[in-house]
Amino acid sequence: MYLNIKATKNNTFDAIVVGSGMTGGFAAKELTEKGLNVLMIERGREIKHPQDYDTAMKQPWEVEHRGKVTAHSAEELWANKRFGNLANDESGPFFTNDKDNPYIEKRPFDWIRAYHTGGKSMHWGRQSYRFNKEDFEANAKEGIGIDWPIRYDDLAPWYTYVEKFVGVSGQKEGLDVLPDGHFLPAMPLFAPEVHFKKMMLEKFNRPVTVGRVANLSQPQEWHTKLGRASCQYRNKCVRGCPYGAYYSSLSGAIPAANLTKRLSMLHDTIVAEILYDEQKQRATGVRVINQKTNQVEEYFAKIIFLNAGAMNTAALMLNSKSNRFQNGLGNDSDQVGRNIMDHHLGVGATATVEGFLDEYVYGQRPNALYIPRFRNWGNDKQSYLRGFGYQGGASREGWSRGVNADGFGSDFKQSLTKPGQWTIGFGGFGEVLPNPENRMYLDPTRKDKWGVPMIVFDAAFGENEIAMRKDIMNSAMEMMDAAGFKNIAGYNRPEVHLGLGIHEMGTARMGRDAKTSVLNAFNQVHSVKNVFVTDGAAMTSSSCVNPSITYMALTARAADYAVKALKKREL
Amino acid sequence: MNRRDVIKNVALMLGGAFSAPTLMAMNHWENPTKSYPSGATFSLTQTQRSIVAEIAELILPKTTAPNDVSPGAKDVGVPAFIEMMMKDCYLQPEQLSFMEGLEKMEQVKFLELNDNERKGILKYLEQETKAEMKARQMKQTKMGDNDDHEDIKKVAKGLPFWRLIKELTLLGYFTSEEGIKASFEYVQIPGKVENIKLKPNQKSYAY
């Protein structure tokens, strides 16, 4: 616990930020840099950057189960396990124990959580793409959900601001569908990918680019000032980066906030309720529970930023009941907890690539190739709405090709020490439409071990997503065929649910009308002006691009608005 | 092609016949005699440990050829690794099929066979496993969208013995310190990523 002595007197701060992850960290940075004393409250354990990344420098043979998940871990992290091998020896300790933090599935929901300093920013995929103009307008044009209260131009300067601070490696392409940003030097495409890019342009007029990824390909002065260094191309990001080369709340925002000496942090502290003053008609603070001692305490502030992650932020609002808000704080519209969106994935294709046998790669690129959305774009028209982007790439097979190949013995062993043929694979990230019936709510009776009501999920993909998935697989196969690749195999994993994209969002959406939305154009709760929600809960639609950079841009913009309003005494 | 034909082919491939008892055992090995109660902990007898070690060493043997001096699976601790992994990382379906596989090896008295016969058994296992994996894969690709959910849950049979022991042998060997350093160019911190031309006989990088 680092309580700022001056501020502890009466547990009162200028601002409280709930959550220390991707957006909580950024909110704390912005608010402290603008002069506010901030208390950031994290429900999980403290992780110190970089010394607590205790698996980061382990060599392969020092990792006991060599990347596989133990049966014990799979049982403890039962939801996390659905994603794949995240619960293994390398990264398992940096994810949440689902058994200790259970949730209820009326319909299956894959909820992957990271309760600790920095939250999921510690092991995000780092892909950073701006929403395009159409992403902000499509709901209104198509009569889906509600209209965003902002447009691309409102957010564009904040994208630039965030990209500069974070450091995004990428290639400018001049595409409307994938607006360029402020980029550090791009990482290379590999030989078969260069061929693929050329073929896609020739045969389909579809652009292909290298991923835009928040790894420092060339650190700038403001990065090194925070102790961040260049990417070492180990591609072991998921263990935490000892070089601070990829952006996380731990390596970027929190160190920046600490430089102001105006940040106080609490760990192991669950925010159970937002306190509301009926007379003043505003939130006054939060009631918290220490997850180790169960001690309850209250903290107070002029403004409160909710950045607990979309599902927990909505749960916190729903659990904050008062005379005025009997269905949860700011929930006059009954939209809190509804419209869960994500990006659906686990669908795409793989193939083998003939030739390029004198081409190889030194180092490990922590990045992929990116195929921007081409469906329902320009002249393309499909039976479903919106679209998807692909992420993937080419690599030469290593020893693991031997697992399913025939053979054993000394020649077999010798052959596996050389690179195998090139293979390529990419999978889709599909837009999910908002649907009020896709929701989470609090169970009326069942509570967790801290006495906080458990979350119930009741959500599933709709017809639009299911139709899009078929096209994602078929189009991937078609493109691979057009590129001349062989042994093309499509896949459409049946066991994927909402949540598996780990882009869960939409549970307290922004909008123009307080009757149909929870937040206004500055992420302010319509009916409680000193509460701001700037994590994924705020999203009105999902686009098909990875959302973190958009969450951070919304956060920076809302923090700017909040501090200006405070100074004008409007809050 | 039935089981008997496959066995005959394998025998021909090896340029010799199996002994009659071995052939008989192979013919009947789909019916394990023991049953394994659910919840039983995974443990191997000394004989089973020896079988695992001998199979692992046949998959990745020690080599002393002038152009390839490298340790074998036994040298780098693969047998113990396999047992630890089967115990720690696999659930009952895989543990059962692993035990069934070992039991078949006991039936054919694997440890008493000569090198050629052992290789013949592994070749036969490989063919059998290939057919089984193909059937599994076909079943998986037939499943389409969310509504096929129930089907996939029914696939409770574990991966075949050969697939398990081969994967774990390769994993244990090629991620061991001696295995990595003998097999690949190990680079802990590359510091850059770039396209390069592959030199003749160049080994893979390992990171």
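Residue positions are given per chain, counted from 1 along the sequence in the order it is written. Following the order in which they are written, the chains are lettered starting with A and the ligands numbered starting with 1. With the structure being a predicted model, the display of local features is reserved for residues of pLDDT at least 70 and the display and counting of side-chain atom pairs for 80 or more, all residues being used for whole-chain, interface and lining totals. Each side-chain value is worked out from all heavy atoms of the structure, with water and hydrogens disregarded.

Some points on the overall build of chain A
- Scanning chain A from terminus to terminus reveals 12 helices and 21 strands.
- Along the three orthogonal principal directions, the C-alpha set of chain A runs to about 75 × 55 × 50 Å.
- Looking at chain A residue by residue over its 571 residues, the buried ones come to 64%.
- Expressed as a percentage of contacts within chain A between residues at least 6 apart in sequence, the contacts between residues at least 24 apart total 72%.
- Of the accessible surface of chain A, which amounts to about 20,500 Å², a share of 48% is contributed by carbon and sulfur atoms. The secondary structure listing takes helices from DSSP runs of H or I that are at least 4 residues long and strands from runs of E that are at least 2 residues long, numbered from the N terminus. With a 1.4 Å probe rolled over the protein chains alone, any residue whose accessible area is under 20% of its type maximum counts as buried; one over 50% counts as exposed, and the rest are partly exposed. Contacts between residues were defined by any pair of non-hydrogen atoms, one from each residue, lying within 4.5 Å. Here the accessible surface of atoms and residues is derived via Shrake-Rupley with a 1.4 Å probe, and residues count as covered only by protein chains that are part of the display.

A short note on the environment of His267 of chain A
Residue and element names in this part refer to chain A.
- Take His267: it is sitting in the loop between β7 (263–266) and β8 (269–277).
- Considering only alpha carbons, one finds His267 and Glu42, 225 residues apart in sequence, at a separation of 4.8 Å.
- Sequence-distant contacts of His267, defined by excluding residues within four places in its chain, comprise Glu42, Gly44, Arg45, Glu46 and Thr117.
- Within polar-contact distance, the side chain of His267 engages the side chain of Thr117 at 2.7 Å. We define a polar contact as two N or O atoms separated by no more than 3.5 Å, with the added condition that, inside protein, one atom must be a possible hydrogen donor and the other a possible acceptor, whereas residues neighbouring each other in sequence contribute only through side-chain atom pairs.

Observations concerning the interface of chain A and chain B
- Each partner contributes residues to the interface: chain A has 57 residues there, and chain B has 66 residues.
- Defined here as a combined quantity, buried area equals the accessible surface (1.4 Å probe) lost by two parts on assembly, summed across both. Summing both partners gives a buried area of about 5,500 Å² for chain A against chain B, and 59% of it is carried by carbon and sulfur.
- In terms of surface lost to chain B, no three residues of chain A exceed Tyr362, Phe408 and Lys413 of chain A, which account for 17% of the buried area on that side.
- One side-chain nitrogen of Lys or Arg within 4 Å of one carboxyl oxygen of Asp or Glu is enough to make a salt bridge. Our enumeration of links across chain A and chain B arrives at four salt bridges.
- Where chain A meets chain B, there are 32 residue pairs in polar contact (both at pLDDT 80 or more).
- Breaking the side of chain A that touches chain B down by element, the ones donating at least two residues are α3 (71–76), β13 (359–362), α10 (410–415) and α11 (463–482) of chain A.

Re the domain arrangement of chain A
Residues and elements named next belong to chain A.
- What counts as a domain boundary in this text is fixed by an automatic or database domain assignment. Looking at chain A, the domain boundaries give domain 1 (1–167 + 247–339 + 435–458 + 504–571) and domain 2 (173–242 + 343–431 + 461–496).
- Taken over C-alpha atoms, the centre of domain 1 sits 29 Å from the centre of domain 2.
- Contacts between the two partners involve 52 residues from domain 1, matched on the other side by 46 residues from domain 2.
- For the pairing of domain 1 and domain 2, the buried interface totals around 3,800 Å² over both sides, and the portion due to carbon and sulfur atoms is 53%.
- For the domain 1 face of the interface with domain 2, the top three residues by lost area are Arg126, Tyr129 and Cys544, together amounting to 18%.
- For the pair domain 1 and domain 2, the number of links is two salt bridges.
- For the pair domain 1 and domain 2, the interface holds 23 residue pairs in polar contact (both at pLDDT 80 or more).
- Elements with a minimum of two residues in the side of domain 1 that touches domain 2: α4 (133–142), α5 (152–166) and α8 (249–259).
- Among the elements that line the side of domain 1 that touches domain 2, the one with the most residues is α5, at six residues.
- The residue classification treats Ala, Val, Leu, Ile, Met, Phe, Trp, Tyr, Cys and Pro as nonpolar and Asp, Glu, Lys and Arg as charged. All others, Gly included, are polar. For the side of domain 1 that touches domain 2, the class distribution of residues is 24 nonpolar, 17 polar and 11 charged.

Re the nonpolar core
Residue and element names in this part refer to chain A.
- By convention a nonpolar core is built from buried Ala, Val, Leu, Ile, Met, Phe, Trp, Tyr and Cys residues, the set being connected through side-chain atoms within 4.5 Å. Membership of the largest hydrophobic core comes to 144 residues, with the highest contact counts inside it found for Phe196 and Tyr247.
- At eight residues, α5 tops the list of elements feeding residues into this core.
- Two domains share this core, each providing at least three of its residues, namely domain 1 (1–167 + 247–339 + 435–458 + 504–571) and domain 2 (173–242 + 343–431 + 461–496).
- Other than its neighbours up to four places away in sequence, Phe196 contacts Val208, Leu369, Ile371, Phe426, Met479, Ala483 and Phe485.

Topic: the side chain of Thr32 of chain A
All names here are of chain A.
- Assignment of secondary structure puts Thr32 in helix α2 (residues 22–33).
- Judged by relative accessible area, which is 0%, Thr32 ranks as buried.
- Of the polar contacts made by the side chain of Thr32, one reaches the backbone oxygen of Ala28; its length is 2.7 Å.
- Aside from chain neighbours lying at most four places away, what touches Thr32 is Val38, Ala257, Thr260, Arg262 and Leu263.

A short note on the environment of Met26 of chain B
Residue and element names in this part refer to chain B.
- Within the secondary structure layout, Met26 lies in helix α2 (residues 20–27).
- Spatially, the C-alpha atoms of Met26 and Gln107 are 8.2 Å apart, while their sequence positions differ by 81 residues.
- If we skip the residues at most four places from it in the chain, Met26 touches Arg3, Ile7, Phe18, Val108, Ile121 and Tyr124.

Details of the pairing of strand β16 (residues 422–431) of chain A
Residue and element names in this part refer to chain A.
- Counting buried residues in β16 gives nine out of 10 residues, a clear majority hidden from the surface.
- A pair of strands counts as paired when DSSP detects no fewer than two bridges linking them. The sheet contact formed by strand β11 (residues 343–344) and β16 spans two bridges and is antiparallel. Among the inter-strand pairings, His343 is bridged to a residue of β16, identified as Glu431.
- Bridging between strand β12 (residues 347–353) and β16 involves six bridges; their strand directions are antiparallel. For Thr350, the partnering residue across the bridge sits in β16 and is Gly425.
- Examined bridge by bridge, strand β15 (residues 388–396) and β16 share nine bridges and lie antiparallel to one another. Of the residues in β16, the one forming a bridge with Phe388 is Gly430.

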